[in-house]
Amino acid sequence: MDNLELAKVANEVRKGVLTAVHGAKSGHPGGSLSAADIFTYLYFEEMNIDPADPKKEDRDRFVLSKGHTAPGLYSALAHRGFFPVEDLATLRHLGSYLQGHPCLGKIPGVDMSTGSLGQGVSAAVGMALGGKMTDEKFRVYSLLGDGEIQEGQVWEAAMFAGFHKLDNLVLIVDNNGLQIDGKIEDVCSPYPIDEKFRAFNFHVIDVADGNDMEQLRQAFAEARSTKGMPTAIIAHTVKGKGVSFMEDQAGWHGKAPNDEEYQIAMADLERIGEALCQK
């Protein structure tokens with residue numbers, strides 16, 4: 001897909017996020033919206049996957065380490081054809097397979113359940129090591145939050161990945177600058193993120209605009225060509241991207257829009273979609 005087509009899909013993914021969280025009356029829209037372009041690029045362009053065969057052996061693997069942004073992952077999976085888009089409205093409902101965190105074995109396309117923040121990286125590193133040990137060609141991708149990397153387990157896993165030269169591993173940090181309590185630099189600054197990953201023997205790619213498809217395309221191409229070390233992509237994004245009253249607002253980290261807010265948010269995305277169609 002070209003960049004414009006991907007941007008259009010990402011806009012639909014954002015609509016799915018809002019529909020899911022509004023229907024649940026709970027959830028995490030802010031980080032799901034900031035990462036929507038990353039989810040879209042991974043599932044529609046980068047990864048070797050097949051919705052008709054979600055468990056094919058040579059598929060690339062994805063681990064959502066910041067599991068609370070499940071609405072973003074679910075919306076990408078649904079729009080990619082892993083399950084009906086209509087099911088997004090059942091998020092967090094009793095009996096729905098789309099619960100607050102991804103669950104392995106329950107949701108087509110999900111390769112790993114998400115637990116506490118920081119744990120997903122360890123799972124992704126284990127998958128990458130397993131691929132190396134069995135000489136398989138699949139690649140492993142994991143999405144982290146910038147607040148999440150305040151967790152020590154992230155750096156234990158990073159040390160292991162760098163030491164073992166896991167060049168089939170790509171960690172993506174959704175660096176939107178905000179966590180539930182406010183700015184990450186005020187809560188417990190993880191900066192400089194790039195230098196930390198370099199210290200653990202990662203190839204680091206800084207993406208100035210992680211909501212721009214061309215910049216993501218270049219970053220993932222560079223990651224794929226990197227040999228002998230894992231890659232960390234630091235994607236600078238906007239929390240709540242696409243929704244006027246949610247953008248760069250920590251308060252929308254984990255709060256669902258009410259009916260009026262939902263209508264305003266969807267209208268924002270409709271305008272974005274219309275503008276994209278004019279290009």
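Heads up: the structure comes first, above all this text.
Residues numbered from 1 in each chain as written. Predicted model: local features only at pLDDT ≥ 70, side-chain atom pairs only at ≥ 80, totals over all residues. Heavy atoms only, no water.

S.K.: Mind showing me how you'd approach empty space enclosed by the protein here?
M.R.: Taken as a whole and assessed by the stated rule, the structure comprises two cavities of 30 Å³ or more. Around the largest cavity, the lining residues are Tyr43, Met47, Ile49, Asp50, Asp53, Pro54, Lys56, Arg59, Asp60, Phe82, Gly109 and Asp111. Looking at side-chain class alone, the lining of the largest cavity contains five nonpolar, one polar and six charged residues. Of the volumes computed, that of the second largest cavity is approximately 40 Å³. Every residue lining the second largest cavity is listed: Tyr43, Phe62, Val63, Leu64, Leu73, Leu77, Pro102, Gly109, Val110, Asp111 and Met112. Mapped onto the lining of the second largest cavity, the elements with two or more residues apiece are β1 (61–64) and α4 (70–80). With three residues, β1 is the largest single contributor of residues to the lining of the second largest cavity. (1 Å grid on protein atoms, 1.4 Å probe; cavity = no way out; pocket = protein on both sides within 12 Å on 5 of 7 lines; lining within 4 Å. Points joined across faces, edges and corners; volume = space filled by probe spheres on them. Nonpolar A, V, L, I, M, F, W, Y, C, P; charged D, E, K, R; others polar. Helix = DSSP H or I, 4+ residues; strand = E, 2+ residues; numbered from the N terminus.)

S.K.: Can you walk me through the nonpolar core in this structure?
M.R.: Generally speaking, nonpolar side chains in soluble globular proteins are found buried as a group. Grouped together as the largest cluster of nonpolar side chains are 56 residues, with contacts concentrated most on Tyr43, Phe62 and Ile172. Per-element accounting of this core gives the leading share, nine residues, to helix α1 (residues 3–24). In contact with Phe62, other than residues within four places in its own chain, are Phe39, Leu42, Tyr43, Met47, Leu73, Asp111, Tyr141, Ser142 and Leu143. Within the second largest apolar cluster, 25 residues are counted, among which are Val121, Ala128, Leu144 and Ile234. (Core = buried A, V, L, I, M, F, W, Y, C linked by side-chain atoms within 4.5 Å. Buried < 20%, exposed > 50% of the residue type's maximum accessible area, 1.4 Å probe, protein only. Contact = heavy atoms within 4.5 Å.)

S.K.: Would you take a moment to explain the packing of helix α3 (residues 36–46) against helix α9 (residues 213–225) for this structure?
M.R.: Two numbers describe a pair of packed helices, the interaxial angle and the distance between the axes. Two numbers describe how α3 lies on α9: the axes approach to 11 Å, and their chain directions differ by 60°. In terms of orientation, α3 lies oblique with respect to α9. Pair α3 / α9 crosses with right-handed handedness. Residues Asp37, Ile38, Thr40, Tyr41, Leu42, Glu45 and Glu46 of α3 form the contact with α9, whose participating residues are Met213, Leu216, Arg217, Phe220 and Arg224. In terms of residue class, the contact of α3 with α9 is made up of six nonpolar, one polar and five charged. (Axes fitted to C-alpha atoms, helices over the stretch in contact; angles between N-to-C directions. Parallel < 35°, antiparallel > 145°, perpendicular 65-115°, else oblique. Left-handed = near helix turned anticlockwise from the far one by under 90°.)

S.K.: For this particular structure, what's the right way to read the pairing of strand β2 (residues 140–145)?
M.R.: Regular strands have side chains that alternate between both faces of the sheet. Within β2, six of the six residues are buried, leaving the element largely enclosed by the surrounding structure. The side-chain alternation of β2 yields two buried faces, one formed by Val140, Ser142 and Leu144 and the other by Tyr141, Leu143 and Gly145. As paired elements, β1 and β2 share four bridges and run parallel to each other. Among the inter-strand pairings, Leu64 is bridged to a residue of β2, identified as Leu143. (Pairing = 2+ DSSP bridges.)

S.K.: Hey, could you run me through the sheet that holds strand β6 (residues 203–207) in this one?
M.R.: Strand pairing in a sheet takes place through backbone hydrogen bonds and is either antiparallel or parallel in direction. Judged by pairing direction, the sheet is parallel, and its five strands sit side by side in the order β1-β2-β3-β7-β6 without closing on themselves. Each edge of the sheet is formed by a strand with only one pairing partner; in this case those strands are β1 and β6. When the angles between neighbouring strand axes are averaged without regard to direction, this sheet yields 20°. Inspection of the sheet shows β2 paired to strand β3 (residues 169–175) by six bridges, in the parallel sense. Bridging across to β3, Leu144 finds its partner in Val173.

S.K.: Sorry if this is basic, but what is going on with the packing of aromatic side chains here?
M.R.: By convention here, two paired aromatic rings are described through the distance between centres and the angle between planes. Under the definition given, this model contains ten aromatic pairs. With centroids separated by 5.6 Å and ring planes inclined at 90°, the aromatic side chains of Phe83 and Tyr97 adopt a geometry described as edge-to-face. In this pair, Phe83 sits in the loop between α4 and α5 (119–133) while Tyr97 sits in the loop between α4 and α5, placing the two residues 14 residues apart along the sequence. Consider the rings of Phe245 and Trp252, whose centres lie 5.4 Å apart with planes at 65°: the pair is edge-to-face. Residue classification places Phe245 among the partly exposed positions, given a relative accessible area of 25%. Residue Trp252 is classed as buried on the basis of its relative accessible area, which comes to 7%. (Phe/Tyr/Trp six-rings, centres within 6.5 Å; stacked < 30°, edge-to-face > 60°.)

S.K.: Is there a simple way to think about α3 in this case?
M.R.: Residue pairs spaced three or four apart in an α-helix point in one direction, given the helix's 3.6 residues per turn. With respect to burial, α3 is a largely interior element, ten of its eleven residues being buried. Inspection of α3 places Ala36, Asp37, Ile38, Phe39, Thr40, Tyr41, Leu42, Tyr43, Phe44 and Glu46 among the buried residues, and these make up the whole buried set.

S.K.: Whenever I open this one, the environment of Ala250 confuses me. Can you help?
M.R.: Here Ala250 is to be found in the loop between β7 (231–236) and α10 (259–277). Separated by 173 residues in the primary sequence, Ala250 and Leu77 have C-alpha atoms spaced 26 Å apart. Ala250 has contacts with Leu178, Gln179 and Gly182, leaving out every residue within four places of it along the chain.

S.K.: Where do I start with α5 in this structure?
M.R.: Taking 1.5 Å as the rise per residue, α5 with 15 residues should run 21 Å; its terminal C-alpha atoms sit 22 Å apart, in good agreement. All of the buried residues along α5 are Gly120, Val121, Ala123, Ala124, Val125, Met127, Ala128 and Gly131. Where α5 is buried, its residues meet β1, β2, α6 (152–163) and β3. The positive-phi residue at the C-terminal boundary of α5 is Asp135, with phi of around 60°. (Expected span 1.5 Å × (residues − 1).)

That's the geometry; what it means functionally is another story.
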